[in-house]
Amino acid sequence: MPEAPNSVPSLKRELGVRDLALFYIVSSLSVRWIATAAASGPSSIAVWLLALIGFFLPLAASVLEMSSRYPDEGGLYVWAQKAFGDFSGFMAAWTYWMSNLPYFSAILYFAAGSLLFTAGDRGKALADETGYFLGFALIALALITFLNMLGVKQGKWLNNAGAIGSFLPVLVLIAISILFWRHEGSATHFTWPSMMPHLNLKNAIFWSTIFYAFAGVECGSFMGGEIRNTRKTIPRALVFAGILVTLGYILGTIAMLIAMPSDQINGLGGFMTAMAQMCRTLGIAWMTPVIALLITVACLGAAGAYLSSTARLPFVAGIDNYLPAVFGRVHPRWKTPYVAVLSYGLAGILFAVLSQVATSVKGAYDELVAMSVITYFIPYLFLFAAMIRLQREPAGPHVIRVPGGKRVALTLAYIGLFSTLCTIGLSVIPADDERNKPLAVFKTVGMTAILIAVGVLVYALGKRRQARSALRLGPEPAVQPE
């Protein structure tokens, strides 16, 4: 069995604590999820807390410990490989890699919609123009791919700017909502009954989306070979970013509900609509385009963060020969896995084009989000299962254990595993307004099954490639005794 890629070709270690903390913020905090949560009313606040306990804390704890056990380039790929062998490592990487393809189009469509607010009334004319949204996504993906091919040092500035663009609008939203509440009162009446989540099918489906919003902190570990002092940097950045992301989501949702009633908020443009309304009411309409521009930068940074980190999975798979060896190449000058980055960027561009065929802008956005959720959570089954399995191994002095040791680590991992299984199950359930529910379920499950089947085929071809390579090289010479 080939080992995890410990002898990765030379990569530059460019990421420090500040860079990684900002990376975690831009990959985990998104104002579009604040709008999605607020659209479900005050009960979403309790769901945020449930997602924090049931998913984010187990995920952060698992990433913290496993990244200190195995700080190699590839992260999840290495952890699943160490726990369950090559096949599990490859399938964890494959499903994560493929599931993020819809993400790029979804986040860039949101960016394009936010950017329209910088043009005022003129921007409304483009709100339903599919050509504008598609063109924006394609140009942005091409730019992001080029920057990340040049290197982490170049790409991280977009990530860092995106993190600032993620958090500043949330701070502005909170500040403005306080002023709005003092002048106009709250648009939402907060009571204990209204804040309690209702256990019905529609809300249960919504919960899976909220859990999805807390995902992302694992992807920084995919670049373990490009982080300075990995074992110390990841925990510090993770704790700092985790606190900010949690506060941003909960306080941001409350602030948005103060500004607008939930039935006037939608996922695609809800955040900017609420901000524009509050700014007009308070006589500071000039802030609207500034906030819109910040959100656009945030979305670009998020897309860049996921493209750069997730491209490391086919990179390490190429080193292990499960993908063609060209994926494992490092550019001699830029010191980047340029083939893996370029191929992933091109795949995202192709997916953006295919997803827009014969559908509206909002329809494409909703489909992209729905497609992302179920396939995106499959790798977390491997992650939490690996956390459970690897507790059998002794922890050296370099390993950062979860507070409370093995017992707490296992408890959190089992909670995360259970939450992930529930989220996958809920993701299969079609929405209430779906006309043909059996067909929708069949499409979701069928596409997931096809994705997994293709991954199995690629893995089998990789094993054959390894066998042929071993035959060409011949057996290793035996060591002669002195």
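Below or above, wherever it landed, is the structure these notes cover.

## Some points on empty space enclosed by the protein
For the structure shown, the criterion picks out three cavities of 30 Å³ or more. Contributing to the lining of the largest cavity are 22 residues, with S27, L29, S30, W33 and Y103 lying nearest its centre. Element by element, the count of residues in the lining of the largest cavity is highest for helix α14 (residues 287-310), at five residues. The residue makeup of the lining of the largest cavity, split by class, is 17 nonpolar, four polar and one charged.

## Thoughts on the side chain of T95
Relative to the helices and strands, T95 resides in helix α5 (residues 86-99). By relative accessible area, T95 is classed as buried at 1%. One polar contact links the side chain of T95 to the main-chain carbonyl oxygen of M91, over a distance of 2.8 Å. Residue contacts for T95: discarding those within four places in its chain leaves T375, I378 and P379.

## What to know about the packing of helix α4 (residues 76-84) against α5
At their nearest, the axes of α4 and α5 sit 6 Å apart, and the two run at 150° to each other. By the angle class used here, α4 and α5 are roughly antiparallel. For α4 against α5, the interelement crossing comes out right-handed. Judged by residue contacts, L76, Y77, A80, Q81 and F84 of α4 engage D86, S88, G89, F90, A92, A93 and Y96 from α5. Residues belonging to the contact of α4 with α5 are distributed by class as follows: eight nonpolar, three polar and one charged.

## Remarks on the packing of aromatic side chains
Evaluated as defined, the whole model comprises 24 aromatic pairs. Seen in terms of ring centroids, F55 and Y380 are 5.3 Å apart; in terms of plane orientation they differ by 70°. Their pairing is edge-to-face. Residue F55 is located in helix α3 (residues 44-69), and its partner Y380 is located in helix α17 (residues 361-389); the two are separated by 325 residues in the primary sequence. A relative accessible area of 0% places F55 in the buried class. Classification of Y380 as buried rests on a relative accessible area of 1%. Between F214 and Y249, the aromatic rings sit 5.6 Å apart at their centres with planes inclined by 85°, giving edge-to-face as the arrangement. In this pair, F214 is assigned in the loop between α11 (201-213) and α12 (230-259) and Y249 in helix α12, connecting sequence segments 35 residues apart. For the residue pair F214 and Y249, the accessibility class agrees, reading buried in each case. Above the ring of W157, the side-chain terminus of K156 is found at 5.6 Å from the ring centroid.

## Brief notes about the environment of T230
Relative to the helices and strands, T230 resides in helix α12. Along the primary structure T230 and R13 are separated by 217 residues, whereas in three dimensions their C-alpha atoms are 9.5 Å apart. Ignoring anything within four residues of it in the chain, the contact list for T230 reads R13, P71, G224 and P235.

## Here's the deal with a nonpolar patch on the surface
A contiguous nonpolar patch, built from V239, I243, L247 and L251 and spanning about 350 Å² of accessible area, is present on the exposed surface. Looking at the secondary structure, you find I243 in helix α12. We classify I243 as partly exposed; its relative accessible area is 49%.

## Looking at helix α6 (residues 101-115)
Given 3.6 residues per turn, any residue in an α-helix points the same way as the ones three and four places further on. The end-to-end C-alpha separation of α6 is 22 Å, in line with the 21 Å expected for 15 residues at 1.5 Å each. α6 sits mainly inside the fold: 14 of its 15 residues count as buried.

## Comments concerning the packing of helix α9 (residues 152-184) against α14
α14 packs onto α9 with a crossing angle of 140° between their chain directions and a minimal axis gap of 7 Å. What the angle tells us is that α9 and α14 run oblique. The element α9 and its partner α14 pack so that their crossing is left-handed. Facing α9, whose interface residues are L158, N159, A161, G162, G165, S166, L168, P169 and V172, α14 presents M287, I291, L294, I295, V297, A298, L300, G301, G304, A305 and S308. Residues belonging to the contact of α9 with α14 are distributed by class as follows: 13 nonpolar, seven polar and no charged.

Cut-off values and rules
- Residues numbered from 1 in each chain as written.
- Predicted model: local features only at pLDDT ≥ 70, side-chain atom pairs only at ≥ 80, totals over all residues.
- Heavy atoms only, no water.
- 1 Å grid on protein atoms, 1.4 Å probe; cavity = no way out; pocket = protein on both sides within 12 Å on 5 of 7 lines; lining within 4 Å.
- Points joined across faces, edges and corners; volume = space filled by probe spheres on them.
- Helix = DSSP H or I, 4+ residues; strand = E, 2+ residues; numbered from the N terminus.
- Nonpolar A, V, L, I, M, F, W, Y, C, P; charged D, E, K, R; others polar.
- Buried < 20%, exposed > 50% of the residue type's maximum accessible area, 1.4 Å probe, protein only.
- Polar contact = N/O pair within 3.5 Å; in protein donor to acceptor, adjacent residues only side chain to side chain.
- Contact = heavy atoms within 4.5 Å.
- Axes fitted to C-alpha atoms, helices over the stretch in contact; angles between N-to-C directions.
- Parallel < 35°, antiparallel > 145°, perpendicular 65-115°, else oblique.
- Left-handed = near helix turned anticlockwise from the far one by under 90°.
- Phe/Tyr/Trp six-rings, centres within 6.5 Å; stacked < 30°, edge-to-face > 60°.
- Lys NZ or Arg CZ within 6 Å of the ring centre and 35° of its normal.
- Patch = residues over 30% accessible without salt bridge, like charges linked within 9 Å, V, L, I, M, F, W, Y side chains within 5 Å.
- Areas by Shrake-Rupley, 256 points an atom, 1.4 Å probe, with all protein chains shown as cover.
- Salt bridge = Lys/Arg side-chain N within 4 Å of Asp/Glu carboxyl O.
- Expected span 1.5 Å × (residues − 1).

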